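Remarks on the overall topology
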Amino acid sequence: MQNIHTYNFQDKRALIRVDFNVPINKETLEITDDTRIRAAAPTIKMILEKGGSVVLMSHMGRPKNGPEDRFSLKNIITHLSKVIGVDVKFGGDCIGKDALAMSENLQPGEVMLLENLRFYKQETAGTEEFAKQLAKHGDVYVNDAFGTAHRAHASTTVVAKFFPNDKLFGLLIEGEIKSVDKVLNSTEKPLTAIVGGAKVSSKITIIERLLSTVDNLIVGGGMAYTFVKAQGGKVGNSLVEDDFLDVATKILREAKEKGVNLYIPVDSVIADAFSNEANIEEVSISEIPDGWMGLDAGTQTKKDCSEIIRNSKVILWNGPMGVFEMENFQSGTKTVAEAIVEATSNGAFSLIGGGDSVAAINKFNLADKVSYVSTGGGAMLEYLEGKELPGIAAIKG
Ligand code: AMP
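Now for a quick tour of the structure. Per chain, residue numbering runs from 1 following the sequence as it is written. Per-residue local features are limited, in this predicted model, to residues with pLDDT of at least 70; the limit for side-chain atom pairs, both in listing and counting, is 80 or more; totals at the level of whole chains, interfaces and linings are taken over all residues. As a rule here, side-chain values cover all heavy atoms of the structure and leave hydrogens and water aside.

Quick look at the site of the ligand
The line we're drawing: One heavy atom within 4 Å of a molecule or strand makes the whole residue count as near it. Two N or O atoms form a polar contact when they lie within 3.5 Å of each other; inside protein one atom must be a possible hydrogen donor and the other a possible acceptor, and for residues adjacent in sequence the pair counts only when both atoms belong to side chains. For accessible areas, the Shrake-Rupley method is used with a probe of radius 1.4 Å. Any residue's cover is judged against the shown protein chains and nothing else. Residue polarity follows a fixed list, in which Ala, Val, Leu, Ile, Met, Phe, Trp, Tyr, Cys and Pro are nonpolar, Asp, Glu, Lys and Arg are charged, and the others, Gly among them, are polar.
Near the ligand, the surroundings consist of 14 residues, among which Ala 198, Lys 203, Gly 294, Glu 325 and Asp 356 are the closest. Gly 222 is positioned with one of its backbone polar atoms (N or O) 3.1 Å from a nitrogen atom of the ligand. The contact in question runs from a nitrogen atom of the ligand to an N or O atom on the backbone of Gly 294, over 2.9 Å. Compared with its free state, where it exposes 510 Å², the ligand has 80% of that area covered by protein. Partitioning the shell around the ligand into residue classes produces six nonpolar, five polar and three charged.

Side note on the pairing of strand β2 (residues 53–57)
Using the following cut-off: Note on exposure labels: buried denotes an accessible area under 20% of the residue type's maximum, exposed denotes more than 50%, and partly exposed covers the range between, all computed with a 1.4 Å probe on protein chains only. Think of it this way: any DSSP run of H or I at least four residues long counts as a helix, any run of E at least two long counts as a strand, and we number them from the N terminus. In this scheme, strands are said to pair when DSSP sees at least two bridges between them. Handedness rule for crossovers: strands pointing away from the viewer, path from the first strand over the helix to the second running clockwise, crossover right-handed.
Of all five residues making up β2, five are buried, and the element is well covered by its neighbours. One ladder, built from five bridges, connects strand β1 (residues 13–17) with β2; its direction is parallel. Bridge pairing links Leu 15 to Val 55 in β2. Of the crossover connections in this fold, the one passing from β1 over helix α1 (residues 35–49) to the parallel β2 is right-handed. Strand direction decides the pairing type here: β2 and strand β4 (residues 111–113), joined by three bridges, are parallel. When the bridges of β4 are listed, Val 54 appears paired with Val 111.

Considering helix α6 (residues 171–184)
What sets the pattern is the α-helix's 3.6 residues per turn: residues three or four places apart point alike. Put simply, the rule reads: Expected span, for any helix, means 1.5 Å times one less than how many residues it has.
Taking 1.5 Å of rise per residue, 14 residues should cover 20 Å, and α6 covers 20 Å from first to last C-alpha, within 8% of that figure. Within the sequence span of α6, burial applies to Leu 172, Ile 173, Glu 174, Glu 176, Ile 177, Ser 179, Val 180, Val 183 and Leu 184.

Let's talk about the packing of aromatic side chains
What counts, and what does not: Any two rings among Phe, Tyr and Trp, with Trp reduced to its six-membered ring, count as a pair given centres within 6.5 Å; such a pair is stacked if its planes are under 30 degrees apart, edge-to-face if over 60, and tilted if neither.
Per the counting criterion, the structure on display carries three aromatic pairs. Geometrically, the ring pair formed by Tyr 120 and Phe 130 is tilted, given 5.3 Å between the ring centres and 35° between the ring planes. Placement of Tyr 120 in the loop between β4 and α4 (121–125) and of Phe 130 in helix α5 (residues 128–135) is noted, with a sequence separation of ten residues between them. Here Tyr 120 falls in the partly exposed class, since its relative accessible area comes to 22%.

A word on α5
Here is the rule we go by: Starting at the helix axis, one direction is taken to each C-beta atom, and the arc is that of these directions. Should any heavy atoms of two residues lie within 4.5 Å, those residues are considered in contact.
Every buried residue of α5 is listed here: Phe 130, Ala 131, Leu 134 and Ala 135. Down the axis of α5, the buried set is contained in an arc of 145°. They therefore lie on one face. Those residues of α5 hidden inside the fold are in contact with β1, β2 and α4.

Here is the structure:
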């Protein structure tokens, strides 16, 4: 398999699938968060430095029926040019004669951006003929869009077949794969996973997968109450998935059989409404009165979790410990984030993977104090579940 570090890009056009699906202000059409653009810059710059030219392709938003101005990638050209330090040309379309003429005339050091791929339904349908048209823009295909690697779309997967010997991962995807593999194949111990968030149902596959690799598994957030109820506890009006009580019991049993320390919170900050202004108490997690719901981890739980995390060598965090979006229920999530930062500063490897824990670590301004923060929400979850992502398989295959 080729890789970006050894590939000879001199005088080659690199067709790079990036993820420029950035949030845009509907009225001013300005970018409100450019994280994804900045994340793609190292790959682009590296290829330019190695004497190549670059053709960028991406989707943005969910256009329904063909081109829509607010989803046009021309809206990001000025900012993109600033971030990478090169004036980016705009293709006007992603396929067709004019766009192709522009990419064929690119000189080493030049960059162009194709128009939103999802202006064509063939992109998400993964149509081969459409992928073939896209492939004409490059001599080498680089996939650097981890966020869409779990989709078998034309630009993320199908296009790779037109570059049998010239396809590789960009630096961003390479970093994501390396960090997940480091956690899942780790020989360093103890390995601790913290899985929180709202529902057992959405995390069940990842929990089952982790049971065969981790030493400690901390279950937190709304998910914990299904486990507490399954053990006979009183959870009041807390979030519970009654359909998953049996599953929770099975997980508790499996953890015991596999010698995994499955930690279920022991106390809880409860509220009499799902609101930051609600009345608050702290109680044992299995004695929550009717009319009250658990919205955050209690004092003892925070202490226990911190200790487990601080003593870990490898840490994976997916999902918050409470309703961290509300000031009064963010303490458990913040404590976990801080313990992960402390463990990291003492030499542990920490991966924050999956939507809401990424939002949480950013909210607490601690993202640069952990080892790796994943950019791909759904893709990261599927990769952690052990699924083969089509975009990754297409490069490896
Ligand atoms: P997920 O996307 O499954 O990781 O869930 C994240 C969401 O779970 C966040 O929006 C949290 O506010 C929410 N959450 C965490 N703890 C609780 C809880 N105890 N009750 C209700 N929702 C919660």
